[in-house]
Every structure is written in C-alpha cells, then in structure tokens.
Amino acid sequence: MKSILITLTTAAALTLSAGPGAQAQSSNQFAAAVRVNDGAVTNFEVSQRVLLLRAFGTAGNLQELAVEQLIDDRLRVQAARAAGLSVTEEEVDTGIDEFAQRGNLTGPQLLQFIRQRGVDPESMKDFVRAGLLWRTLVQARFGPRSAVSEAEIDTTLDLQAGQEPLELLISEIRIPATPGRESAAQDLAERLSNSISSEGAFAAAARRHSRAPSRARSGRLDWLPVATLPPQLVGQLLALNPGEVTAPIPLGPTIGLFQLRGTRAARSRDGQTPVSVTYVTVDIPFEPGDRALREANELVNDVDTCDDLRAQSERWGTIPGHTDFVEDITALPGSVALLLADLDRHEAAVYTNSAGGPSVIMLCQRLRDLPEGARDNIRNALFQQRISGFGQGYLQELKGDANIIRTN
C-alpha cells in the first residue's frame, strides 16, 4: 500500500465558474496562461493540473503549484526534443502502469480514478510523458558522469562500518519540498543555513519550519551512530565544528538542515556495527488532516512490536495494510535513514509521507549481515543521488536561460 494513491483526496472537481475571473478563464480556456520560450501553457492545462494535484492529495496553493510544474514540464520537453529524443505511446502507457503500481492499482484503474475527478486522461499522459523524456535526457547527458565504481561502494561500506565508530549529537530541520515548491523550499533552507549562528536560533527555526517528528523537541535528536546516518549527511557533519550548520541536503520529500552539537566514540554494546535493518511502514488511508494524524497516533499507541503493527494495520480493511523492508543502511533513502536512526527496536514514529499525509514507521531489527543484493542497492542509491543533483542543476540552468512570460 503506497501513500501516493491511498491518501488521495476526494474533494470535488475544481469549479471554473466560481467568479468573474474564473468565467473569463473558462470562456478562453485554450488561451496561453504562460509562454515558455516558443511554447505556451494554456489555461486548460493549468486547470487540469490543479485537478490532478487535488487527486494526488497535494497541499498548498494548487494554482501556483500547477503553473510552476507546467513551466518545468515545458522546459523538460523542449530540452529533450532539442536533443532529438522522443517516447512512444506504449512507453507512456508503461509509465502510467509503473506510476499506478505505487498505489497497488493498474494503469486503467488510475486513469478511471482521475477521470472521476475531472481529469482528462491525456493530461495524465502529458505529465508522464514529460517525466519520461526528462529521465531519458538526464540519463543520456549525465549518466556516464554519475557512474559509481566498486571502490566508491567499498568506501561507503567502510564509512558505514568503520573501525573506530563515532556517534553524533545533532539537531534537524526538515522543510517540505512538495511538487512545484522545490525552489521555494531550497531558497528557505539556504537562507536558514546562511543565517543561523546559535543553537537557540536553530531550535526556534525548527519549531517554526520543520515537519519532522523532532519538531516538538526543537529539532533535537539523541546521540546517533555515524553508521546509521545517510552518507551524504555524514560527509557534511564531520566537516563541521559544534554549533555550525550544514548546507541544504535533499532527503526525499524534504530538504534537511542539520546542526552539529557534539561528537563522541560510539558506545556499541558488542563492538559490531549494524549494516542492515528490517522495518515496517503503514500509510494511513485517510485524506491528510486531523483525522488521519489522530488515527496514526492511535496506531502507534496500540502496538508494541512489529508483529502488532502488521496485524493492527488491517484495522481499516486493507490486507495487507503494511509494507515490510529489509535494506542495507547505506542504501536507505535519507529521510528513512534518519527516522530509523532515532528509533530503538520495536519503537514507532509518525512522519509525513510524499503525498503529505501521515505514515507510521517501526524499526524491527538491526542486522550485522548485508542482505542479498546490497552492493547493487548501494550502487543504485549513489547513482540516483548523483544524477538527481545533475538533473536539478540542469533544470535550474534551463529556467535561468528561458524566456518565461505569464500572461495572467
């Protein structure tokens, strides 16, 4: 069960005739809302993307998010086609199937779901087509530069299971980077990184801006072994003096800032460092809001072990209502690695998933042996981290060079 579809909102379709401005838009729905170089984003496309964002349970100013996403999509498609790239309709259909699988649906079921909420299936296909073209372009342009060597995998494993393990005392701020708002989140993170100069200032910023479970503790985390933290975070933290703050670090659906408060030799119980973990997640199948959060907290309070969580996850009628994971620590998504690093065995926490709703995560066990395929997982994690950075930088470059005119 995946949150991207399980937590979809059931809000009514956007009404374009709500006021004079909306009436003008509906009467001229194929006029340009934004011009992007030699192309245009129409009012119809904006209204369709708003409906799609609503169907995906996205929070925030949907009109603005829709415009920003469509500008990015135009730039992606223009750059890909300038490079002579294209995708077939069969590839688009396969992409929709893959997208739908995140919510345990088929492609046709996903299209039927959005159609019931006022979204033309062609709008979904345009969304997927832009993503496929961009992925192909970025792979072709930056793939060779993003390749991961065996030596880098060995280095990552050595870092994770070093001979003289350390523990770090840190505080965190996790800023949501919802679709279409990545640039705003990045700008806020950079401003905070450049301006915070004390633990008190960091704590105040965490209470105001963070969406991590640690927000209630002013962002403060307990002592954490270096081996359990994401490699991209460890590299920055080890270069800091106490009180200093990292640069912004992308961590899944959030951008993280971290302040180093102290270091010490690890206090391992048996002298061995865990290299993999098992854990369980449960996505709460309600529209994001107070009820969903209340259900998540009640679930945490009702369970004591991972077996309890698996059983109780079916309380809403979904079987199975949970997802099990066995992964090497260095290949964990950064946001998940940080959550698990702060948990004891059979301890659970509530966090915000990529769809903006609450999920529950519980640590089952820390293991001493790498699971099968661990090196491939590390290679893929490092490659995706590297090529994602290249892609984000390239998109910002395209946007900086583009002629973008908003006509509304």
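Reference entry: report on the structure contained in this document. The structure displayed is predicted, hence computed values, not measured ones.

Turning to the state of the cysteines, a few remarks are in order. According to the stated counting rule, one finds 1 disulfide in the structure shown. Disulfide pairing is shown between Cys 306 and Cys 364; the S-S distance is 2.1 Å. One quick way to see it: the torsion about the S-S bond of Cys 306 and Cys 364 is about -110°, and its sign makes the bridge left-handed. Pair noted here: Cys 306 is in helix H13 (residues 306–312) and Cys 364 is in strand E10 (residues 358–367), with a separation of 58 residues, a long-range link. No difference in accessibility class separates Cys 306 from Cys 364, as the two residues are buried.

Bringing the pattern of salt bridges into the picture now. Enumeration according to the criterion identifies 17 salt bridges in this entry. Taking the shortest distance from any N to any O, the salt bridge between Glu 89 and Arg 129 comes out at 2.9 Å. Of this pair, Glu 89 sits in helix H5 (residues 89–101) while Arg 129 sits in helix H7 (residues 121–146), placing them 40 residues apart in sequence. Exposure remark for Glu 89: the relative accessible area of 39% places this residue in the partly exposed category. Using a relative accessible area of 14% as the deciding quantity, one classes Arg 129 as buried. Between Arg 217 and Asp 342 there is a salt bridge; the shortest N-O distance is 3.1 Å.

Attention shifts here to the nonpolar core. Membership of the largest hydrophobic core comes to 51 residues, with the highest contact counts inside it found for Val 34, Val 46, Leu 110, Ile 114, Met 124, Trp 134 and Tyr 394. Looking at this core, the elements that each hand over two or more residues are strand E1 (32–36), helix H3 (43–55), helix H4 (62–82), H5, helix H6 (107–115), H7 and helix H15 (374–401). Take this core: its biggest share by element is 10 residues, from H4. One finds Leu 168, Leu 224, Leu 233 and Ile 249 within the second-largest nonpolar core, a separate group that totals 16 residues.

What counts, and where the lines are drawn
Along each chain, the written sequence defines residue order, and numbers are assigned to residues from 1. A pLDDT threshold of at least 70 governs which residues receive local features in this predicted model, and a stricter bar of 80 or more applies before side-chain atom pairs are shown or counted, although totals over entire chains, interfaces and linings include all residues. For the side-chain quantities, the full set of heavy atoms in the structure was used; hydrogens and water were omitted. Disulfide: a pair of cysteine sulfur atoms within 2.5 Å of each other. Helix and strand definitions follow DSSP, with helices as H or I runs of at least four residues and strands as E runs of at least two, each counted in order from the N terminus. For each residue, the accessible area found with a 1.4 Å probe, counting protein chains only, is set against the maximum for its type, and the residue is called buried under 20%, exposed over 50%, and partly exposed in between. Here, a salt bridge means any Lys or Arg side-chain nitrogen found within 4 Å of an Asp or Glu carboxyl oxygen. Residues belong to one nonpolar core when they are buried, are Ala, Val, Leu, Ile, Met, Phe, Trp, Tyr or Cys, and are joined through side-chain atoms within 4.5 Å.

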